[in-house]
Amino acid sequence: MTPSSPRVVHLVAALFDESIGIIGGGERYVLELARHMAERTPTRLVTFGPVAETRTIENLHVDIVRRTWRVGGRTTNSIGPGLFGHLRNADVIHCYNKNLVATRAAAAFGRLYGKGVFVTDLGGNSSGTISRIGRERWFQRRLHISRFSENLAGDMGSSTSEVILGGVDASRFVPSEDAGDFDRVLFVGRLIPHKGVDTLIAALPSDMCLEVVGRPYDAGYYRDLQTLATGKRVTFLTDIDDAKLVAAYQRAACVVLPSVYTSMYGRMTRLPELLGQTLLEGMACAKPVICSSAGSMPEVVEDGRNGFVVPPGDVQSLNEKLRWIRDHPQGARAMGAAGRERALKTFSWGSVVDRCLKAYALPQDL
């Protein structure tokens with residue numbers, strides 16, 4: 001078993017991009033979990049970059065190892081020989097996305113030197129497969145962010161699998177005294193086809209407006225979204241800071257994440273959403289949330305209580321729910337309050353830290 005106050009290293013292959021800051025939602029998940037864990041037990045976050053350096057974020061030390069190799073030229077699959085020096089004093093090594101070369105190297109190092117090795121898959125930076133091959137040999141436990149992720153990995157019922165969920169910083173994402181505009185819809189996320197923003201634009205009632213917040217990772221899709229938005233009250237915000245993001249949540253009537261299994265181009269994915277972080281942020285801001293039934297999102301949104309769940313790609317159903325939010329401001333406020341309560345109770349980072357520390361302390365050889 002690990003010590004009662006284990007020395008924990010979180011390992012992510014890429015965290016920062018100097019031009020945009022934190023790379024994406026998965027990387028922000030790692031940073032926030034490590035940051036909150038550092039309040040409870042000695043914690044470091046190890047990542048790779050062009051030069052070696054150490055940064056301090058509150059109680060958390062972030063060690064950037066100089067990368068010497070990017071697999072396939074991908075920054076998100078980096079490694080450097082300095083990694084092992086940062087793992088030497090750890091009791092626990094918590095890795096992310098098990099198909100990455102740094103994860104495999106750290107797992108081998110941890111097993112060789114008797115350290116607890118754990119892994120969480122966050123979707124976007126993995127190779128696209130969730131393989132069972134050799135995982136018991138490499139990792140003591142797989143810590144999933146949703147039951148959907150656990151089921152997709154074939155881990156349901158496994159004694160070496162735990163669901164730790166995800167968290168939201170409810171001290172930063174907070175309600176506003178102003179109830180917001182009940183004709184304003186908000187989407188936050190990467191602008192890629194499986195996010196289903198095209199469905200949301202098609203479903204938008206003519207007397208409601210939509211703010212689309214996110215970086216365009218697919219130039220063709222972004223152009224198509226702009227074409228679909230012609231004649232509608234749609235605004236694209238592709239580069240806003242954290243303070244402006246919170247303000248966008250606060251002025252919205254509702255937050256929508258309409259992800260799909262099959263994109264408007266006919267391409268399919270098995271991993272539309274492993275969690276749905278922006279839903280949690282909207283809930284923390286006391287906003288009703290609307291999602292599709294794709295992936296893990298029905299685990300976050302309780303249909304009819306803190307928001308609505310609609311079939312993926314169903315324009316009519318989404319349109320009906322948006323009009324309900326517009327026409328029932330009192331009911332929408334009640335949903336928002338229920339969402340804030342749920343975020344505080346189930347999806348606080350403190351709760352995620354509790355689940356991780358409990359998993360770290362369980363017997364390693366079952």
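Residues numbered from 1 in each chain as written. Predicted model: local features only at pLDDT ≥ 70, side-chain atom pairs only at ≥ 80, totals over all residues. Heavy atoms only, no water.

To continue, consider helix H13 (residues 349-361). Given a rise of 1.5 Å per residue, 13 residues ought to cover 18 Å, and the 18 Å separating the end C-alpha atoms of H13 matches this to within 8%. Along H13, the positions that sit buried rather than exposed are Trp 349, Ser 351, Val 352, Val 353, Cys 356, Leu 357, Ala 359 and Tyr 360. (Helix = DSSP H or I, 4+ residues; strand = E, 2+ residues; numbered from the N terminus. Expected span 1.5 Å × (residues − 1). Buried < 20%, exposed > 50% of the residue type's maximum accessible area, 1.4 Å probe, protein only.)

Here we have six strands laid out as an open sheet, ordered E15-E14-E13-E16-E17-E18, and parallel in their pairing. Since the sheet does not close on itself, it has two edges, and those belong to strand E15 (234-237) and strand E18 (307-310), each with one partner. Geometrically, the sheet is characterised by an average inter-axis angle of 20° between neighbouring strands, direction not taken into account. Across three bridges, the pairing between strand E16 (residues 254-257) and strand E17 (residues 289-292) is parallel. Note that in E17 the partner of Val 256 across the bridge is Ile 290. In the packing of helix H11 (residues 315-327) onto the sheet, the strands contacted are strand E13 (184-188), E16, E17 and E18, and the crossing angle to E18 comes to about 170°. (Pairing = 2+ DSSP bridges. Axes fitted to C-alpha atoms, helices over the stretch in contact; angles between N-to-C directions. Contact = heavy atoms within 4.5 Å.)

For strand E5 (residues 53-57) and strand E6 (residues 60-66), the ladder comprises five bridges, and the chain directions are antiparallel. Counterpart to Glu 53 in the pairing with E6 is Ile 64.

Let us now look at the packing of helix H1 (residues 25-37) against H13. In contact at an axis separation of 9 Å, H1 and H13 are set at 80° when each is read in the N-to-C sense. In terms of orientation, H1 lies roughly perpendicular with respect to H13. Contacts between H1 and H13 involve Tyr 29, Glu 32, Leu 33, His 36 and Met 37 on the former and, on the latter, Trp 349, Val 352, Val 353, Cys 356, Leu 357 and Tyr 360. The residue makeup of the contact of H1 with H13, split by class, is nine nonpolar, one polar and one charged. (Parallel < 35°, antiparallel > 145°, perpendicular 65-115°, else oblique. Nonpolar A, V, L, I, M, F, W, Y, C, P; charged D, E, K, R; others polar.)

Next up on the list: the pattern of salt bridges. The full count for this structure, using the stated rule, is 21 salt bridges. Between Arg 233 and Asp 183 there is a salt bridge; the shortest N-O distance is 3.3 Å. Of the two residues, Arg 233 is situated in the loop between helix H7 (219-228) and E15 and Asp 183 in the loop between strand E12 (161-163) and E13; the sequence distance between them amounts to 50 residues. The exposure class of Asp 183 is partly exposed, given its relative accessible area of 25%. If you follow the salt bridges from partner to partner, you end up with Glu 32, Arg 35, Glu 58 and Asp 169 in one network. (Salt bridge = Lys/Arg side-chain N within 4 Å of Asp/Glu carboxyl O.)

This part takes up the environment of Gly 196. With respect to the helices and strands, Gly 196 occurs in the loop between E13 and helix H6 (197-203). Sequence separation between Gly 196 and Ala 343 is 147 residues; the distance between their C-alpha atoms is 24 Å. Residue contacts for Gly 196: discarding those within four places in its chain leaves Tyr 221, Pro 258, Ser 259 and Val 260.

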